[in-house]
Amino acid sequence: MTQRPLTVIISGGGIGGLAAALALRQRGIRVRVFERATELRDGGAGLHIWTNGTLALRYLGVLDEVLETAPVQHVTHFGTWRGDLFGSWPVGDFIDRYGCPTIAVERSVLHRVLTAAVSAYDTDAEIRTGAGVVGFEQDASGVTVELSDGDRVRGDILIGADGIHGAVRPGLLGEHPARYTGYIAWRGKAQLLHEKIPPGTFYALFGPGTRFTFYDVAPGVVHWMSVANGAPGGRDSGDPRELLAQRHRGWMSPIDEILAATPEQDIIRGDVMDRAPDRRWGSGRVTLLGDAAHPITFNIGQGACQALEDALVLAEELDTTDPVNALRRYEKQRRKRTAGLQQVAWRIGRLGALENPLLIRARELGMRMVWPRLVFRIAERDQISYATRWRTPPAPKPLPDSTFQTDGA
Ligand SMILES: Cc1cc2nc3c(=O)[nH]c(=O)nc-3n(C[C@H](O)[C@H](O)[C@H](O)COP(=O)(O)OP(=O)(O)OC[C@H]3O[C@@H](n4cnc5c(N)ncnc54)[C@H](O)[C@@H]3O)c2cc1C
């Protein structure tokens, strides 16, 4: 008897949802991706994808295309707002140790490459925009998903990859609002070639209750982020560049030039949210992935990298005969992996938010002493080396020759 191929419904066409779609397709599993937004959006900014994430991208067969524009990172500098450095992490060495670089990439590039790869894999891949998941019901044989366009679709499995404010999570675990970190991030993109930002250089600078990071995401394109403590739900009155220029006046050069070279309309403001690690991500035929499962603040640059890892582990587990047990095994592995990272990122965020001058002095002293000697080593061990399991890319599996099940089928 031949087994019917699985159909997996994915709620959310962000990095996690698209990576999961690609990983599942490569294992011969059918996917249907439903995205609430009317077009696949990129969030308008850049991402640091550490070597654990690029190993996953290479395993998915898309790294070479991403590298056509994404610069390989050579060094990550940490320092004070004046530019005194606590430590410089030679992340370019990861290429020798893991055979894969750490990169910076525009979100739009990652989205485009993943979408194209899912669609190119075979012609019946479905990525439907303007169709948010609004509810679901499961029974012993499958899951029925209700969409915002009124359609109902049925599959074997539902993956909630719909971000920190997605719809699958409350349907599974109940309504629990995300946790506000106490700080707000402004992000933007400047067209700037500057001798102080040679290709592959990342800066993270700490001030009192404020931070500024910048790095190149393409030749002559600098992504930056300004972070400051404040109440949630606020809006900028007027041109945010004036507020930001004032906040970072006297900071290390070329921050003023970066801000001046950023078009006003390219600046995105957002309250930074996360959640404490959860004990449960799923039930029966439904599970969560990416930020829907384990939102990680940007402080360690691992949120998207972990969504990529989730995608590969999920596909590995679903490549077996019992999908419900496969989901529980996936959750067990990934909860263990991501819970510690959620907590580390939260703590580094608290450290970055300090405003008391004495505590800031202690922070600077501590960072100077432990950052290069200890933190880089621990971070490499805990964040990067996990992904060496994906060093050797797989041989693709052909898809079974049949069409999608549709509503009521
Ligand atoms: C300021 C900032 C900087 C960051 N920097 C980094 C970094 O350098 N490196 C890194 O690895 N990570 C970084 N992250 C984290 C990273 O952005 C996230 O972890 C990553 O985008 C998670 O991907 P996702 O697909 O799980 O969720 P999302 O990117 O949030 O995608 C979810 C998708 O689901 C859709 N959706 C929502 N609700 C529904 C619904 N009901 N039905 C259908 N679709 C729905 C949304 O429209 C969206 O397209 C950063 C985050 C922030 C905020």
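Below, the structure is looked at part by part. No experiment lies behind these values; they were computed from the predicted model shown. (Residues numbered from 1 in each chain as written. Predicted model: local features only at pLDDT ≥ 70, side-chain atom pairs only at ≥ 80, totals over all residues.)

1. Overview of the nonpolar core
Put simply, the rule is: Residues enter a nonpolar core if they are buried, belong to Ala, Val, Leu, Ile, Met, Phe, Trp, Tyr or Cys, and are joined to the set through C-beta atoms within 7 Å. Three exposure classes are used, based on other C-beta atoms lying within 10 Å of a residue's own C-beta, which is placed from the backbone: buried for 20 or more, exposed for 12 or fewer, and partly exposed in between. Under the DSSP-based scheme used, a helix requires at least four consecutive residues in state H or I and a strand at least two consecutive residues in state E, with every element numbered from the N terminus. Remark: residues whose backbone-derived C-beta atoms lie within 7 Å of one another are considered to be in contact.
Counting 101 residues, the largest nonpolar core has A19, A20, A23, V105, L114, L289 and A311 as the members making the most contacts within it. Among the elements that line this core, the one with the most residues is helix α9 (residues 303-318), at ten residues. Beyond its immediate sequence surroundings of up to four residues, A23 is in contact with L60, A311, L312, L314 and A315. Core analysis: the next-biggest nonpolar cluster, separate from the first, contains five residues, I300, L341, V344 and A345 among them.

2. A word on the site of the ligand
Put simply, the rule reads: Nearness here has a simple definition: the residue's C-beta atom, placed using the backbone, must lie within 6 Å of the molecule or strand. Under the scheme applied, nonpolar residues are Ala, Val, Leu, Ile, Met, Phe, Trp, Tyr, Cys and Pro; charged residues are Asp, Glu, Lys and Arg; polar residues are all the others, including Gly.
Contacts to the ligand come from 34 residues, most closely from G12, G14, G163, G290 and G303. No other element matches α9, which puts four residues into the shell around the ligand. Counted by class, the shell around the ligand contains 15 nonpolar, 14 polar and five charged residues.

3. Topic: helix α11 (residues 357-384)
For the record, the criterion: Every helix has an expected span of 1.5 Å times one less than the residues it contains. A residue's bend is simply the angle between two axes: one fitted to the seven residues ending at it, one to the seven starting at it.
Its 28 residues place the ends of α11 only 34 Å apart at the C-alpha level, less than the 40 Å of an ideal helix rising 1.5 Å per residue. Along its length, α11 reaches its greatest deviation from straightness, about 70°, at W371, and the proline P372 lies no more than four positions downstream.

4. Comments concerning the pairing of strand β9 (residues 142-147)
The test is simple: Pairing between two strands requires that DSSP report at least two bridges joining them.
Both strand β8 (residues 133-139) and β9 contribute to a ladder of six bridges, which runs antiparallel. When the sheet's bridge partners are listed, V133 is paired in β9 with L147. Taking the residues between adjacent antiparallel strands as the criterion, β8 and β9 are bridged by two residues. Pairing analysis gives four bridges linking β9 to strand β10 (residues 152-155), with the strands arranged antiparallel. Counted as the bridge partner of V145 is V153 from β10. Connecting β9 to the antiparallel partner β10 that follows it, the hairpin turn spans four residues, and G150 within it adopts a positive phi of roughly 90°.

5. Considerations on the packing of helix α1 (residues 15-26) against α9
To keep things clear, this is the line we draw: Only C-alpha atoms enter the line fits that serve as axes; for helices the fit covers just the stretch in contact. Angles between N-to-C directions range over 0 to 180 degrees. Orientation categories follow fixed angle ranges, with anything under 35 degrees roughly parallel, anything over 145 roughly antiparallel, 65 to 115 roughly perpendicular, and all other angles oblique. The handedness criterion is simple: a crossing whose near helix is rotated anticlockwise from the far helix by less than a right angle is left-handed, and one whose near helix is rotated clockwise is right-handed.
At a minimum axis distance of 8 Å, the contact between α1 and α9 shows a crossing angle of 30°. Looking at the two axes, α1 sits roughly parallel to α9. Judged by the twist between their axes, the crossing of α1 over α9 is right-handed. Contacts from I15, G16, A19, A20, A23 and L24 in α1 reach A304, A307, L308, D310, A311, L312, L314, A315 and L318 in α9.

6. Considerations on unusual backbone geometry
Most peptide bonds take the trans configuration, and most residues that are not glycine carry a negative phi. Residues S253 and P254 are joined by a peptide bond in cis, for which omega reads 10°. Its place among the elements puts P254 in the loop between α7 (240-247) and α8 (255-260).

7. Digging into the sheet that holds strand β15 (residues 221-229)
Taken in spatial order, the seven strands line up as β5-β4-β13-β14-β15-β12-β16 in an open sheet, and their pairing is mixed. Of all strands in the sheet, those with a lone pairing partner are β5 (85-89) and β16 (268-274), marking the two edges. Put simply, the sheet's adjacent strands are angled 20° from each other on average, direction ignored. In terms of strand pairing, strand β4 (residues 75-80) meets β5 through four bridges, oriented antiparallel. Directly across from F78, in β5, lies its bridge partner G87. On top of the sheet, α11 reaches β4 and β5; it is set at about 15° to β5, its chief contact.

Any functional reading would require information beyond the geometric quantities listed.
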